[in-house]
Amino acid sequence: MFNILLLTLASFSTDADSLRMETINGKQFVIHQVGEKETLYSISRRYGSTILAVLEQNPTADAGLEVGQILKVPYTPKAKTQAPVQTSDGLVHKVGPQETLFSIARLYNVSVDDIKNWNSLKENSISIGQSIVIKRKSTVEVVPEVKAVQPVRPTSAKTHTVAAKETLFSISRQYGMSVQQLKDWNGIQENELKIGQVLSVAAPASAVTSSPVTTITAPTTAVITTPKTTTPVVISESVTGTDEIKEIGIADLIEGTDGNRKYLAQHRTVKPGTILKIRNLLNNQEVFVRVTGPITTTDATTIIRISKSAHDRLGAIEPKFRAEITYYK
């Protein structure tokens, strides 16, 4: 028993702030001592856990971390990756724990679309133990370049009926548009959809306008240039079963929270209890906050209000500042 304990401690010998391992009710926990600049996010990632799992074992941690604080962190040891099987035209990769199409694509220096085409995958979700075919580049079919054609104007006759588990994000990706366009065309204020709801997935006739044209005149010739259109950037892969949402705007201080040590926030649409990540765009400092309710201000530029402790953690100088919010729907 003593030798086993020594081996367990030896596996964490490189982590000076990992004090020991404990097994409680058959589950493994790391007894971790918080170091400088550590956050719940970095600690949970370090031991293969989640922020919510850490908070469940350490309820007081949502008030902020202090250097030297002791945390009990759920620990899942990383499984050994199974070696790929060589084939005549490539190899077969067995999906391991926590692997995604994106991480597998980076491992073999191919694209996510390549893997989906080789394996006839329609979605990004994969399961542990699933066989994924990776073909050699020399055997990949070369698709001839297709000259760009003028886009066809959308019509108001094109609609989509919402099915189970569909979201604004998944529908917008399906039709090659942004979430904001989909919301504007259907007069949607929040992110919630109902099964059977009919959405317009093309711009209404009133919204179709001609592209501005700039004419440059010369003594004998006229040159007409058309501004380039930009394709909206979308997330190539999301967490299985969730959609990542990012918002940028003004963060404001909740008055009267000077004596509250907890990192709390108010948001217009996010459900109470949700944990958000806020980044101060002036200094890139981050903090995780828990939503307690909706914003009470009528200022449309304010996207979130935070408690004094979260405000100080972000190193904000003024009550209001520009911030980026990240959360999963």
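Scroll up to find the structure.
What comes next is a walk through the structure. All values derive from a computational prediction rather than experimental measurement. (Residues numbered from 1 in each chain as written. Predicted model: local features only at pLDDT ≥ 70, side-chain atom pairs only at ≥ 80, totals over all residues. Heavy atoms only, no water.)

### With respect to the overall build of the protein
Regarding its fold elements, the protein presents eight helices and 16 strands. Going through the 329 residues of the protein one by one, you find that 33% of them count as buried. Taking contacts inside the protein between residues at least 6 apart in sequence as the whole, the part at least 24 apart equals 61%. Summed over all atoms, the accessible surface of the protein reaches about 21,500 Å², with 54% contributed by carbon and sulfur. (Helix = DSSP H or I, 4+ residues; strand = E, 2+ residues; numbered from the N terminus. Buried < 20%, exposed > 50% of the residue type's maximum accessible area, 1.4 Å probe, protein only. Contact = heavy atoms within 4.5 Å. Areas by Shrake-Rupley, 256 points an atom, 1.4 Å probe, with all protein chains shown as cover.)

### Notes on empty space enclosed by the protein
Summed over all chains, the structure comprises one cavity of 30 Å³ or more. Of the volumes computed, that of the largest cavity is approximately 150 Å³. Residue lining of the largest cavity: 16 residues in total, with L40, A61, Y263, V287 and F288 positioned closest to the centre. Broken down by element, the residue count for the lining of the largest cavity peaks at five residues, all from strand β14 (residues 286–293). (1 Å grid on protein atoms, 1.4 Å probe; cavity = no way out; pocket = protein on both sides within 12 Å on 5 of 7 lines; lining within 4 Å. Points joined across faces, edges and corners; volume = space filled by probe spheres on them.)

### Description of the environment of N186
Relative to the assigned elements, N186 resides in helix α7 (residues 179–186). Spatially, the C-alpha atoms of N186 and V201 are 8.5 Å apart, while their sequence positions differ by 15 residues. The contacts of N186, once residues within four sequence positions are left out, are V198, L199 and S200. Looking at N186, its side chain comes within polar contact range of the main-chain nitrogen of S200, at 2.6 Å. (Polar contact = N/O pair within 3.5 Å; in protein donor to acceptor, adjacent residues only side chain to side chain.)

### With respect to the sheet that holds strand β2 (residues 27–33)
One open sheet accounts for three strands, arranged β1-β2-β3; its pairing is antiparallel. The outermost strands of the open sheet, each flanked by one partner alone, are β1 (18–24) and β3 (70–74). Averaged over all adjacent pairs, the angle separating strand axes in this sheet is 25°, with direction ignored. Sheet topology note: the β2/β3 ladder contains five bridges and is antiparallel. Note that in β3 the partner of I31 across the bridge is K72. (Pairing = 2+ DSSP bridges. Axes fitted to C-alpha atoms, helices over the stretch in contact; angles between N-to-C directions.)

### Details of the sheet that holds strand β4 (residues 85–87)
The three strands are arranged β4-β5-β6 in an open sheet whose pairing can be described as antiparallel. Two strands lie at the open edges of the sheet, namely β4 and β6 (131–135), each paired on one side alone. For this sheet, the mean inter-axis angle between neighbouring strands, taken without regard to orientation, is 25°.

### Some thoughts on the pairing of strand β15 (residues 302–306)
Along β15, five of the five residues are buried, which leaves the element largely enclosed by surrounding structure. Pairing geometry for strand β11 (residues 244–253) and β15, over four bridges, is parallel. Directly across from I250, in β15, lies its bridge partner T302. Pairing of strand β12 (residues 264–267) with β15 involves three bridges; the strand directions are antiparallel. Bridged to Q266 within β15 is R305.

### Considering the pattern of salt bridges
Tallying each qualifying case throughout the model produces eight salt bridges. Across the pair E22 and R20 runs a salt bridge whose closest N-O atoms are separated by 3.0 Å. A salt bridge links K308 to D312; the shortest N-O distance between them is 2.9 Å. One end of the pair is K308 and the other is D312, both in helix α8 (residues 308–313) and four residues apart, which spans about a single turn. (Salt bridge = Lys/Arg side-chain N within 4 Å of Asp/Glu carboxyl O.)

### A word on unusual backbone geometry
You will see that N25, though not glycine, has its phi angle at about 55°, which is positive. Relative to the assigned elements, N25 resides in the loop between β1 and β2. At N284, a position not held by glycine, the phi torsion is positive, near 65°. Looking at the element boundaries, N284 is found in the loop between β13 (275–280) and β14.

### Remarks on the packing of aromatic side chains
Within the structure shown, the criterion is met by one aromatic pair. Taking the ring centre of F29 as reference, the NZ or CZ of K72 above it sits at 5.5 Å. It is K277 that lies over the ring of Y41; its NZ or CZ is 5.5 Å from the centre. (Phe/Tyr/Trp six-rings, centres within 6.5 Å; stacked < 30°, edge-to-face > 60°. Lys NZ or Arg CZ within 6 Å of the ring centre and 35° of its normal.)

### Quick look at helix α4 (residues 101–108)
Turning to α4, its buried residues number three or more, namely L101, I104 and A105. Considered in projection along α4, the buried side chains sweep an arc of 100° and stay on one side of the axis. The exposed set on the far side of α4, more than 90 degrees from its buried face, consists of R106 and L107. On its buried face, α4 is in contact with β5 (90–94), α5 (112–118) and β6. Positive phi appears at N109, one or two residues downstream of α4, with a value of about 60°. (Arc of directions from axis to C-beta.)

### Thoughts on the nonpolar core
Within the largest apolar cluster, 20 residues are counted, with the highest numbers of intra-cluster contacts made by L276, I278, V287, V289, I304, I306 and F321. Put simply, the parts of the chain that give this core at least two residues each are β11, β13, β14, β15 and β16 (321–328). When residues in this core are grouped by element, the largest group, four residues, is from β16. One finds V30, L40, L55 and L71 within the second-largest nonpolar core, a separate group that totals 14 residues. (Core = buried A, V, L, I, M, F, W, Y, C linked by side-chain atoms within 4.5 Å.)

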